[in-house]
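# Coordinate inspection notes
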Amino acid sequence: MAAAFTACQVTDTGGIDDNSFNQTAWKGVLDAQEQLGISGRFLESQAETDYEANINSLLGGQCDIIITVGFLLGDATKAAAEANPDQRFSIVDYSYDPVIPNVLGQIYATDEAAFMAGYLAAGVSETGILGVFGGINIPTVTVFMDGFVRGAEYYNAQHGTAVSVLGWDPETKEGLFTNNFDSLDDGRAFAQNLYDEGADIVLPVAGPVGLGSAALADELGVEKLKIVGVDADLYYTDTEKQHVYLTSITKQMDATVMQVIENTMNDTFEGGNLVGSLSNGGVDLAPFHDMDALVPDSLKQELAGIRQGIIDGTIAVDR
């Protein structure tokens, strides 16, 4: 009989049902409950000031692994881990250098899947203008934006086209940011501004903020504005607006969370990093669902070749 095992999760301010990375990470705990017979619990952070308090309230032996979600919990997780070296932690979307022995970072080569999304969007766009904006200017957000722009640039190089991307410059690291991860009004407003400048496909890298962009696309009509989702396949999580999504750049945080829980249960847990990539299925490009017919077979074949090129290293995504 396996000993009782409890996995505890602390969300960022997006909440457990954010249709994005908190929810996807929690799915990993739920899958472990179902498949491995563990117990799971979570604490939601209403504000950044809750991070440290929430983590500290889970200390004391009730949690075999404490999983914190997101870049913004990096400092609070580090402080708690260093003060409690016998407690095992894992943080989604963050890594430490140097390594903290009792923390396993779950990081994702999201620029690989975002590169494919940029190439796809450049091939589907009718206006030749794409748009992107982020929540906060932090590496786990801008890595999507980098990949998306580079993918569109690669499409231009292959096809002799001049598709442009508004909202981000990978060289100067300057672009559009809502400076939050929760305002649907901002998601609508930023997408409206990009649409007004000619963009017919927009990538919002801002968690639930992107749901506001999807609502705008629903009102305008998908022939005028399409959305690329992030983190989860938003066709399944934003079911009321699923028809507006061309695809989603997915991070399979449920799979990496499950792996971390298994490692901890098997006593093979080590500090360091677990990297999700195209090659191990940790990141991916979601199916085109309702928009499948808009993507020519030739473009699908090109994307398959690009996927293989990224995996075997013959195509660099410049990360």
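Residues numbered from 1 in each chain as written. Predicted model: local features only at pLDDT ≥ 70, side-chain atom pairs only at ≥ 80, totals over all residues. Heavy atoms only, no water.

### Digging into the overall build of the protein chain
Broken down by element type, the protein chain carries ten helices and 14 strands. Its C-alpha radius of gyration of 20 Å places the protein chain within 12% of the 20 Å reference for a compact globule of 319 residues. For the protein chain, with 319 residues in total, the buried portion stands at 57%. For the protein chain, long-range pairs separated by at least 24 residues make up 70% of all intrachain contacts whose partners lie at least 6 apart in sequence. Here the protein chain displays about 13100 Å² of accessible surface, and carbon together with sulfur accounts for 46% of that area. Side-chain charges of the protein chain comprise 14 positive and 47 negative groups, with the mean position of each set lying 2 Å from the other. (Helix = DSSP H or I, 4+ residues; strand = E, 2+ residues; numbered from the N terminus. Rg over C-alpha atoms; globule rule 2.2 N^0.38 Å. Buried < 20%, exposed > 50% of the residue type's maximum accessible area, 1.4 Å probe, protein only. Contact = heavy atoms within 4.5 Å. Areas by Shrake-Rupley, 256 points an atom, 1.4 Å probe, with all protein chains shown as cover. Lys, Arg positive; Asp, Glu negative; His and termini not counted. Charge placed at Lys NZ, Arg CZ, Asp CG, Glu CD.)

### Focus on the state of the cysteines
Here, disulfide denotes a covalent bond that connects the sulfur atoms of two cysteines. Counting across every chain of the model gives one disulfide. With a sulfur-sulfur separation of 2.0 Å, Cys 8 is cross-linked through a disulfide to Cys 63. Linking Cys 8 and Cys 63, the disulfide has an S-S dihedral of approximately -90 degrees and is accordingly described as left-handed. Placement of Cys 8 in strand β1 (residues 6-10) and of Cys 63 in the loop between α2 (50-58) and β3 (65-69) is noted, with a sequence separation of 55 residues between them. (Disulfide = S-S within 2.5 Å.)

### A short note on the packing of helix α4 (residues 110-124) against helix α5 (residues 139-159)
For the pair α4 and α5, interaxial distance at closest approach is 6 Å and the crossing angle is 45 degrees. Taken together, the axis directions place α4 and α5 in an arrangement best described as oblique. Crossing of α4 against α5: the hand is right-handed. Residue-level contacts link Thr 110, Asp 111, Ala 114, Phe 115, Ala 117, Gly 118, Tyr 119, Ala 121, Ala 122 and Gly 123 of α4 to Val 143, Phe 144, Gly 147, Phe 148, Arg 150, Gly 151, Ala 152, Tyr 154, Tyr 155, Gln 158 and His 159 of α5. Along the lines of polarity and charge, the residues of the contact of α4 with α5 split into twelve nonpolar, seven polar and two charged. (Axes fitted to C-alpha atoms, helices over the stretch in contact; angles between N-to-C directions. Parallel < 35°, antiparallel > 145°, perpendicular 65-115°, else oblique. Left-handed = near helix turned anticlockwise from the far one by under 90°. Nonpolar A, V, L, I, M, F, W, Y, C, P; charged D, E, K, R; others polar.)

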